[in-house]
Amino acid sequence: MGALDGRVVIVTGSGRGLGREHALAFAAEGASVVVNDLGGDAVGEGSDLTPAQATVKDIEAMGGRAVADGEDVSDAAGAERLIRHAIDEFGDLHTLVNNAGILRDRVIINMTDDEWDSVIRVHMRGHFMPTRAAAIYWRQQAKDGKDVNASVVHTTSTSGLNANSGQANYGAAKSAIATLSQICSKEFGRYGVRSNAIAPAARTRMTTSTPGLAEHLAEPEDPSVFDVWNAANVSPFIVYLALPECTFTGETFFVQGGRVQRFQPWTLSEVIEKDSKWTLDELRAQAPQLVSGTPASEVASGQRATRATT
Ligand code: NAD
């Protein structure tokens with residue numbers, strides 16, 4: 001008996017990397033899996049169904065059920081066909097894992113319009129389009145009187161939540177995705193649908209191609225040493241978020257190796273206040289209290305410590 005017997009799951013971008021591990025983990029728990037992957041290169045060029053088919057083959061080899069899907073998740077019609085594919089093939093849909101993504105890193109002054117647009121498109125539309133199509137399906141089920149117990153897992157990143165320089169397009173999209181997830185939680189709760197986001201950290205094509213990061217990701221030579229960067233370490237928590245008994249919703253978690261850590265949402269902190277409009281002289285005197293915990297050197301340079309993968 002698997003924890004997800006009879007459940008139907010879509011994992012976008014599951015031809016390789018983290019998504020592939022998520023798909024294998026869902027299948028190992030008895031879920032039927034739609035393995036979606038456009039199959040382009042790391043910057044999103046081209047398409048190839050082979051990676052998705054390879055994941056399906058591996059799931060079938062372990063006795064699981066899966067089907068390959070080559071839709072582009074950032075295309076509205078493609079995302080609708082993806083949701084329909086799950087329902088037509090396996091009869092229902094219980095969990096959507098939005099995971100597909102690309103990178104086109106560049107500092108802002110050198111970033112082209114296309115580098116901005118393509119990354120925003122794949123991540124933001126690529127999360128929004130399948131989510132909307134799935135939510136329309138679940139809302140109809142709820143209207144028809146069905147007791148819906150469904151969930152969406154979104155993929156954000158410390159690159160966005162901790163604001164990594166050199167990744168303005170990707171970071172902006174990933175922060176937006178964390179907010180999208182919280183809004184989904186608020187809008188879909190009435191239909192029996194939960195929504196959470198994870199910020200993973202793992203060794204994949206995406207991270208090994210990031211300058212300065214690859215050397216930190218090496219697999220330990222000693223097989224008895226825990227390989228914290230193995231992408232498969234992230235997947236159990238994704239499966240947990242999809243369990244019918246899981247009640248989490250509107251949350252965001254960092255997941256790496258054996259560590260799962262909750263992010264606090266944006267939180268109001270230091271305040272200055274008066275009962276009339278501020279003058280510039282008053283602000284000169286009092287506004288520095290708003291960042292009083294920050295060393296002057298950091299304020300001057302705008303530097304904050306950030307550690308991000310992608
Ligand atoms: P990856 O490149 O190995 O896998 C991403 C997959 O998404 C690829 O197989 C690609 O073909 C697919 N894809 C890209 N665009 C698509 C589209 N339009 N439609 C369908 N499929 C598409 O990268 P990964 O590291 O496994 O990344 C998975 C997710 O995790 C991404 O959203 C990424 O931003 C996020 N992430 C990864 C890390 C990390 O440490 N690896 C850190 C933070 C966030």
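Basis of the calculations
- Residues numbered from 1 in each chain as written.
- Predicted model: local features only at pLDDT ≥ 70, side-chain atom pairs only at ≥ 80, totals over all residues.
- Heavy atoms only, no water.
- Helix = DSSP H or I, 4+ residues; strand = E, 2+ residues; numbered from the N terminus.
- Buried < 20%, exposed > 50% of the residue type's maximum accessible area, 1.4 Å probe, protein only.
- Contact = heavy atoms within 4.5 Å.
- Core = buried A, V, L, I, M, F, W, Y, C linked by side-chain atoms within 4.5 Å.
- Pairing = 2+ DSSP bridges.
- Axes fitted to C-alpha atoms, helices over the stretch in contact; angles between N-to-C directions.

Re the environment of E21
Move 1: Following the sequence through the fold, E21 ends up in helix α1 (residues 17–28).
Move 2: Exposure remark for E21: the relative accessible area of 22% places this residue in the partly exposed category.
Move 3: For E21 and A231, which are 210 residues apart along the polypeptide, the C-alpha to C-alpha distance reads 6.7 Å.
Move 4: Setting aside its immediate chain neighbours within four residues, E21 contacts A231, A232 and S235.

A short note on the nonpolar core
Move 1: Residues F26, V33, V35, I59 and I198 are the most contacted members of the largest nonpolar core, which totals 30 residues.
Move 2: Of all the elements in the fold, those that place two or more residues in this core are β1 (8–12), α1, β2 (32–36), α2 (50–61), α8 (235–242) and β7 (252–256).
Move 3: Contacts of I198, omitting those with residues within four sequence positions, involve V153, H154, T155, T156, V234, F237, I238, L241, F253 and V255.
Move 4: Grouped together as the second largest cluster of nonpolar side chains are 24 residues, I87, L93, L96 and A135 included.

What to know about the sheet that holds β2
Move 1: The strand order across the open sheet formed by eight strands is β3-β2-β1-β4-β5-β6-β7-β8, and the pairing between neighbours is mixed. Lying at the two open borders of the sheet, with one neighbouring strand each, are β3 (65–69) and β8 (259–262). Put simply, the sheet's adjacent strands are angled 20° from each other on average, direction ignored.
Move 2: Alignment of strand β6 (residues 193–200) against β7, held across four bridges, turns out to be parallel. The residue of β7 that forms the bridge with P200 is V255.
Move 3: This element, α2, spans β2 and β3 of the sheet and lies at about 175° to β3.

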